[in-house]
Amino acid sequence: MVHSMTAFARQEINLDAGVISWELRSLNHRYLEIVLRLPEELRALETAVRERVNARLARGKVDCVCRFQPAARSAVPVDIDMDNLRRLAGACETVAAGLPETTPPNPVELLRWPGIVRDEPLDTGPLMQDALALLDTTLTELVESRAREGESITALLTRRCDGMAGQVSRARVLLPDIRAGLRSKLEQRLAELDVEVEPGRMEQELAIQLQKIDVD
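Residues numbered from 1 in each chain as written. Predicted model: local features only at pLDDT ≥ 70, side-chain atom pairs only at ≥ 80, totals over all residues. Heavy atoms only, no water.

Caption draft 1: Highlighting the sheet that holds strand β2 (residues 18-27). Strands sit in the order β1-β2-β4-β3 across an open sheet of 4 strands; the sheet is mixed. Strand pairing shows two members of the sheet lacking a second neighbour, β1 (7-14) and β3 (32-37), which therefore form its edges. For this sheet, the mean angle separating the axes of adjacent strands, direction not counted, is 10 degrees. Sheet topology note: the β1/β2 ladder contains 8 bridges and is antiparallel. In the strand pairing of β2, Q11 is matched with W22. Packed on one face of the sheet, helix α4 (residues 124-193) meets β1, β2 and β4 (60-70) and runs near 150 degrees to β1. (Pairing = 2+ DSSP bridges. Helix = DSSP H or I, 4+ residues; strand = E, 2+ residues; numbered from the N terminus. Axes fitted to C-alpha atoms, helices over the stretch in contact; angles between N-to-C directions. Contact = heavy atoms within 4.5 Å.)

Shown next, in the form of structure tokens:
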């Protein structure tokens, strides 16, 4: 079965941890070339992703883009590291003492400072498993898309081949008349030259001309 190398597939899944999406785009290429982009949370999946793509595809330049949007944690209370906050506030006071024109720091800006708000670590184990499962589904969609495109290409090539076969059949019907016409034309030219030609040489010349046009 003929498969096209050009296709596109996209899948998305909503999880408690957030939204994962895969986009796969395949283009013509002599070999299999995988261009992979992963979010930081799923960076460890690179080897597994390449193995899965290699197992399903043989050729083409394949762009694999995975995106992860963490779920909002509006119901989770803000956990502030008070020790870090005091140290940061003390540093701000020291700077303010040396620069009297400075304004007091904005509390919201302090919360954005790294280490002030404790983030609950994300359990990436289940997230990776869900991402790989979604990749398999997206690969299936891509392979099916390439197969459908391949069917269209096969139908097009078949129509073209059938059309050429019909023209060859019509040409074969005309071959006897074409051969006779070439012989007559060659004999007429030789007669105009008024020279005697060796019969074997004439047949050889006629065969050379027929080889240039004969569909056989």
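Now, onward.
Caption draft 2: A look at the side chain of D63. As for its position among the elements, D63 is in strand β4. Although buried, D63 forms no salt bridge, and the nearest oppositely charged side chain, R25, lies 5.2 Å from it. When residues no more than four places from it in sequence are discounted, the contact partners of D63 are E23, L24, R25 and V35. (Buried < 20%, exposed > 50% of the residue type's maximum accessible area, 1.4 Å probe, protein only. Lys, Arg positive; Asp, Glu negative; His and termini not counted. Salt bridge = Lys/Arg side-chain N within 4 Å of Asp/Glu carboxyl O.)

Caption draft 3: Representation of the pattern of salt bridges within the structure. In total, this model carries 6 salt bridges according to the counting rule given. A salt bridge links E23 to R67; the nearest nitrogen and oxygen atoms lie 3.4 Å apart. A residue pair is termed long-range when its members are at least 10 positions apart, and E23 in strand β2 and R67 in strand β4 qualify at 44 residues. Between E40 and R43 there is a salt bridge, with its nearest N and O atoms 3.6 Å apart. Taking relative accessible area as the criterion, E40 reaches 61% and is therefore assigned exposed. What makes R43 partly exposed here is its relative accessible area of 41%. Overlapping salt bridges, with partners in common, bring together R10, E12, E23 and R67 in one network.

Caption draft 4: Representation of the side chain of S26 in the model. With respect to the secondary-structure elements, S26 resides in strand β2. Polar contacts involving the side chain of S26 include one to the main-chain carbonyl oxygen of M5, which spans 2.4 Å. In this structure the side chain of S26 is engaged in a polar contact, spanning 2.9 Å, whose partner is the side chain of R146. Excluding residues that lie within four positions of it along the chain, S26 makes contacts with M5, T6, A7, K61, V62, L142 and R146. (Polar contact = N/O pair within 3.5 Å; in protein donor to acceptor, adjacent residues only side chain to side chain.)

Caption draft 5: Examining the pairing of β4 more closely. In the sheet, β2 pairs with β4 via 10 bridges, with the strands oriented antiparallel. Bridging from a neighbouring strand, W22 pairs with C66 of β4. In this structure, β3 lies alongside β4, joined through 6 bridges in parallel fashion. Bridge pairing links R37 to V65 in β4. Handedness of the β3-helix α1 (residues 46-56)-β4 crossover: left-handed. (Right-handed = clockwise from strand over helix to strand, strands pointing away.)

Caption draft 6: How the structure looks around the environment of A7. Turning to its location among the elements, A7 is positioned in strand β1. A C-alpha to C-alpha distance of 9.5 Å links A7 and N28, two positions 21 residues apart in sequence. Apart from residues lying up to four places away in sequence, A7 is in contact with L24, R25, S26, L142, S145 and R146.

Caption draft 7: Representation of the state of the cysteines. The final tally for this structure, using the stated rule, is 0 disulfides. With no disulfide of its own, C64 lies 9.9 Å from the sulfur of C66, the closest cysteine sulfur. (Disulfide = S-S within 2.5 Å.)

Caption draft 8: Quick peek at a nonpolar patch on the surface. A cluster of nonpolar side chains, namely V2, I153 and L157, defines an oily patch on the protein surface of about 230 Å² accessible area. As for its position among the elements, V2 is in the segment before β1. (Patch = residues over 30% accessible without salt bridge, like charges linked within 9 Å, V, L, I, M, F, W, Y side chains within 5 Å. Areas by Shrake-Rupley, 256 points an atom, 1.4 Å probe, with all protein chains shown as cover.)

Caption draft 9: Structural detail: the nonpolar core. In this structure, W22, L45, V49 and C64 are the most contacted members of the largest nonpolar core, which totals 25 residues. Those elements giving two or more residues to this core turn out to be β1, β2, β3, α1, β4 and α4. Take this core: its biggest share by element is 8 residues, from α4. Dropping the residues within four chain positions of it, L45 is found in contact with L38, M128, A131 and L132. (Core = buried A, V, L, I, M, F, W, Y, C linked by side-chain atoms within 4.5 Å.)

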